[in-house]
Structures are given as C-alpha cells and as structure tokens.
Amino acid sequence: MIIIGADYHPGFQQIAFVDTDTGEFRERRLEHREEAEKFYRDLGAQGATVRVGMEASGHARWFERLLGELQFELWIGDAAEIRTKRVRKQKTDRQDAQLILRLLLENRFPQVWVPNWENRDLRQLLWHRHRMVQARTRIMNQLQAVALNEGLRCKKKLWRDAGREQLESFRLAPWASRRRHDLLELLDRLTPTIAELTQAIEQEAEKCPAAQRLQTHPGVGALTALAFVLIIGRADRFECGKQIASYLGLVPSEESSGQRRRLGRITKQGNSLLRFLLVEAAQVTVRSDPEWRRKYFHLALRRGRKIAKVAMARRLAVRLYWMWRRGWNYEQLKNFGSHAGKPGN
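A short tour of the structure in this document, coming up. (Residues numbered from 1 in each chain as written. Predicted model: local features only at pLDDT ≥ 70, side-chain atom pairs only at ≥ 80, totals over all residues. Heavy atoms only, no water.)

1. Focus: empty space enclosed by the protein
Here is step 1 of the chain: As enumerated under the stated definition, the model contains one cavity of 30 Å³ or more in all.
Here is step 2 of the chain: What the largest cavity holds in volume is close to 30 Å³.
Here is step 3 of the chain: Residue lining of the largest cavity: Leu-126, Arg-129, His-130, Leu-223, Leu-273 and Leu-277, and that is the complete set.
Here is step 4 of the chain: For the lining of the largest cavity, the secondary structure elements donating two or more residues are α5 (117-149) and α11 (272-288).
Here is step 5 of the chain: Looking at the lining of the largest cavity element by element, the count peaks at three residues for α5.
Here is step 6 of the chain: Along the lines of polarity and charge, the residues of the lining of the largest cavity split into four nonpolar, one polar and one charged. (1 Å grid on protein atoms, 1.4 Å probe; cavity = no way out; pocket = protein on both sides within 12 Å on 5 of 7 lines; lining within 4 Å. Points joined across faces, edges and corners; volume = space filled by probe spheres on them. Helix = DSSP H or I, 4+ residues; strand = E, 2+ residues; numbered from the N terminus. Nonpolar A, V, L, I, M, F, W, Y, C, P; charged D, E, K, R; others polar.)

Set out below in structure tokens:
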C-alpha cells in the first residue's frame, strides 16, 4: 500500500509518500494540473492501493474527482488540529507533507466528515440564490438612494407599479439616467432568476423528509430547513445541542485561566450561510410565537438586541437538531421537549 501525505496548494502540491510493503520513502513537488494527474494515473495503472491524506481546503474539487475515478482512498483532515501537532517552529511545504504522512502512518490523522457530491451540488444551489439575493439588495439600495436624492421616500412602495413609474419619470443628468436605467434592467433580470432558484429549493425540500419536518417549526421555511439538513449532514454526528451550536459558530469565544473566565464574541467558525439563515428565521419566529417574543425582549433588555438575536438563533438551531434527530415535528417537540427520555424528565 502506498500512503501519501499531500500539502495541497492551488497551483501545486508537495507530497511525501511511502510504500508500506518495501519501506521506500520519496518526496515530490507536482505542478497542477497535468503533472499531478499523470503521477496519480501512473499509480493507478500499476494497480497499487493508495491512500492520500490532505488538509481540508478549497480549490481541490478536480483532485477529489480524480482520486475517486482512480478508486484511491482520500482522507481529509482538520487543518487546525493538524497545525497543533506541529512541533518544530520551522514551517515549509516539505515539512507539512511529512507531518501529514507521519500522522497517517501513526493512525493519528484527524479525519473529518466530507459530504457527498449530491450534497455539495445542492449547497451550490443555496449559495447561488444567496448571492443573487445579495446582488439584488445592493441594486435596490442604490435605486432607493436615487429616489431619495430626488425627494421620493416611499421604501417598499418604490417597487410597486406606481413607485416604479415615479422613479422612471425623474429627469436626471445623462450619466445618472444611464445608471438608473442599467440598475432597473439588472433588477428586472435578477428577480425572475431568484424566483426560479427559490422554486428549485422548494422542490428539493419536498424530496427530503427531514426538511419537511423541520418546516413545521414556526419561522422555518424550505430554504432554512434544506440548508440545515445539507450542512449538518447527519444528526448522529453530534451528541447534544451544545455541539451543534459550537459547530455553527454560535458559541462565545473563551480565554480563561485559573480563576479568571473571559468570554468574547461568538466564534463564527461554522458555515456562514446557515448562521445567517438561522438568525433571519429566528427573527421570524420571534414575531410569530408569543413565547419566543417574551424570551427575546427579556434578553434584549438585559444584553441588547444583537446578542438577543444570536441567542435566539442558537435556540432555534438546537431545536431543529432535536426535531431532526428524534424524527419529531413541531407539535411533538412542544409535547415532549428536547430532553424527553433522559433521567429526571
């Protein structure tokens, strides 16, 4: 068996590999993409059993496809945990590759869960819609600024037929008029695209029973439910709600020592899209659920609105986790609670 430790970069990879049958150790620097592809295809032609370890990073999708095509075993490692295992103060690409190889040989490689290709493709759908909505928001804000400069302040009414006619009727300077025309044209192009992507997300959510159950919770729509299922992956990966909150970056950073305990801002180490969607969904839940509204205003008075919003988002994430893990809908969650079945409950 050939075990390879790869320090992956967008333009090249430094590898250190050893043949466990002969004990032969070698190092190479492979340029992307032709040289690296030729090297791995030659290994595949030899019929060798190969295991490749690398840190979790972006821009490696072609490499993962190549190894999957050759039926090589690929282990993706936690980059932060691998960094903690480095002893020497010197850091080079060669030493990084050797470190990954050593962790593989000693069975200490911190392997992480990797979603399948279908999951990744659906995530692209979510991100694409999210970016399109952001682009539309920026365009709408610019058009609102144009209207305000002409004395028109009608907020959401600007996007109705009457508001649109007023916006188009203003006599502007040549380049200001050109800017208004182009922005309106982009807005008209983005709106049907976003509607089409939203419909596709709703259709995908209908195919997912877990997402359907999560949508029974007030404030949670198809977008948030599907994003939660795709990004969490499997509910059994986590043992409790605290781990979910930590995974999504909704817990405070901490720097404590001795008798001193110091908590900071939230870590934001998880998926930024799901964190954003949970904050938005939690605000909808606050507006629709009296119990959530009481808790939110109680926290807002004590700690401020920003902290209260994040706290409600964390509460929502934990609730969705228990609904998914136990196969409950919202009514069952209310009846039994997230701690049902445990001693003392």
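Having seen the model, we can carry on.
2. A closer look at unusual backbone geometry
Here is step 1 of the chain: Cis geometry marks the peptide bond from His-32 to Arg-33, where omega comes out at 5°.
Here is step 2 of the chain: Note that Arg-33 resides in the loop between β3 (25-31) and α1 (34-45).
Here is step 3 of the chain: Residues other than glycine seldom take positive phi values, yet Lys-155 does so here, at roughly 50°.
Here is step 4 of the chain: Looking at the secondary structure, you find Lys-155 in the loop between α5 and α6 (161-169).
Here is step 5 of the chain: With relative accessibility at 52%, the residue Lys-155 sits in the exposed group.
Here is step 6 of the chain: Unusually for a residue other than glycine, Lys-268 sits at a positive phi of about 55°.
Here is step 7 of the chain: Note on placement: Lys-268 falls in the loop between β7 (263-266) and α11. (Buried < 20%, exposed > 50% of the residue type's maximum accessible area, 1.4 Å probe, protein only.)

3. Concerning the pairing of strand β5 (residues 73-77)
Two faces, one strand: in a regular strand the side chains alternate between the faces of the sheet.
Here is step 1 of the chain: Pairing between strand β4 (residues 50-55) and β5: five bridges, direction parallel. The residue bridging Gly-53 from the neighbouring strand is Trp-75, located in β5.
Here is step 2 of the chain: The parallel pair β4 and β5 is bridged by helix α2 (residues 61-69), and the resulting crossover is right-handed. (Pairing = 2+ DSSP bridges. Right-handed = clockwise from strand over helix to strand, strands pointing away.)

4. As for the packing of aromatic side chains
Here is step 1 of the chain: Enumeration according to the criterion identifies 10 aromatic pairs in this entry.
Here is step 2 of the chain: With 5.4 Å between their ring centres and 70° between their planes, Tyr-296 and Phe-297 make a pair best called edge-to-face.
Here is step 3 of the chain: With relative accessibility at 40%, the residue Phe-297 sits in the partly exposed group.
Here is step 4 of the chain: Chaining the aromatic ring pairs together yields one cluster made of Tyr-8, Phe-17, Phe-39, Tyr-40, Trp-62 and Phe-63.
Here is step 5 of the chain: Sitting over the ring of Phe-12, Arg-29 keeps its end group 3.7 Å from the ring centre.
Here is step 6 of the chain: If you follow Arg-315 out to its NZ or CZ, it ends over the ring of Trp-292, 5.0 Å from the centre. (Phe/Tyr/Trp six-rings, centres within 6.5 Å; stacked < 30°, edge-to-face > 60°. Lys NZ or Arg CZ within 6 Å of the ring centre and 35° of its normal.)

5. Quick notes on the packing of α6 against helix α7 (residues 174-206)
Here is step 1 of the chain: Running from N to C, α6 and α7 cross one another at 150°; their axes reach a closest spacing of 11 Å. With respect to α7, the axis of α6 lies roughly antiparallel. You can see that α6 and α7 cross each other, and the crossing is left-handed. In contact with Arg-164, Leu-167, Glu-168 and Ser-169 of α6, α7 contributes Arg-180, Leu-184 and Asp-188.
Here is step 2 of the chain: Residues that form the contact of α6 with α7 fall into these classes: two nonpolar, one polar and four charged. (Axes fitted to C-alpha atoms, helices over the stretch in contact; angles between N-to-C directions. Parallel < 35°, antiparallel > 145°, perpendicular 65-115°, else oblique. Left-handed = near helix turned anticlockwise from the far one by under 90°. Contact = heavy atoms within 4.5 Å.)

6. Some details on the pattern of salt bridges
Here is step 1 of the chain: Evaluated as defined, the whole model comprises 21 salt bridges.
Here is step 2 of the chain: Across the pair Arg-29 and Glu-31 runs a salt bridge, and its minimum N-O distance is 3.0 Å.
Here is step 3 of the chain: Arg-29 sits in the partly exposed class, given a relative accessible area of 42%.
Here is step 4 of the chain: Ionic pairing is found between Glu-106 and Arg-108, a salt bridge with its closest N-O pair at 2.8 Å.
Here is step 5 of the chain: The partly exposed category is assigned to Glu-106, whose relative accessible area is 40%. (Salt bridge = Lys/Arg side-chain N within 4 Å of Asp/Glu carboxyl O.)

7. Comments concerning the side chain of Gln-14
Here is step 1 of the chain: Its location among the elements puts Gln-14 in strand β2 (residues 12-19).
Here is step 2 of the chain: The class for Gln-14 is buried, based on a relative accessible area of 9%.
Here is step 3 of the chain: Excluding its chain neighbours within four sequence positions, the residues that come into contact with Gln-14 are Gly-5, Ala-6, Asp-7, Glu-27, Arg-28, Arg-29, Asp-93, Arg-94 and Ala-97.

8. Comments concerning the nonpolar core
Here is step 1 of the chain: Core analysis: the largest hydrophobic core is formed by 65 residues, its most contacted members being Phe-228, Leu-248 and Leu-278.
Here is step 2 of the chain: Sorting the residues of this core by element identifies α5, α7, α8 (209-214), α9 (222-232), α11, α12 (290-303), α13 (305-326) and α14 (330-336) as the ones contributing at least two each.
Here is step 3 of the chain: For this core, the element with the highest residue contribution is α13, accounting for 10 residues.
Here is step 4 of the chain: Apart from the residues lying within four places of it in its own chain, the contact partners of Leu-248 are Phe-228, Ile-232, Gly-270, Leu-274, Arg-275, Leu-278 and Ala-317.
Here is step 5 of the chain: Judged by nonpolar contacts, the second largest core, of 22 residues, contains Ile-4, Phe-39, Val-50 and Leu-67. (Core = buried A, V, L, I, M, F, W, Y, C linked by side-chain atoms within 4.5 Å.)

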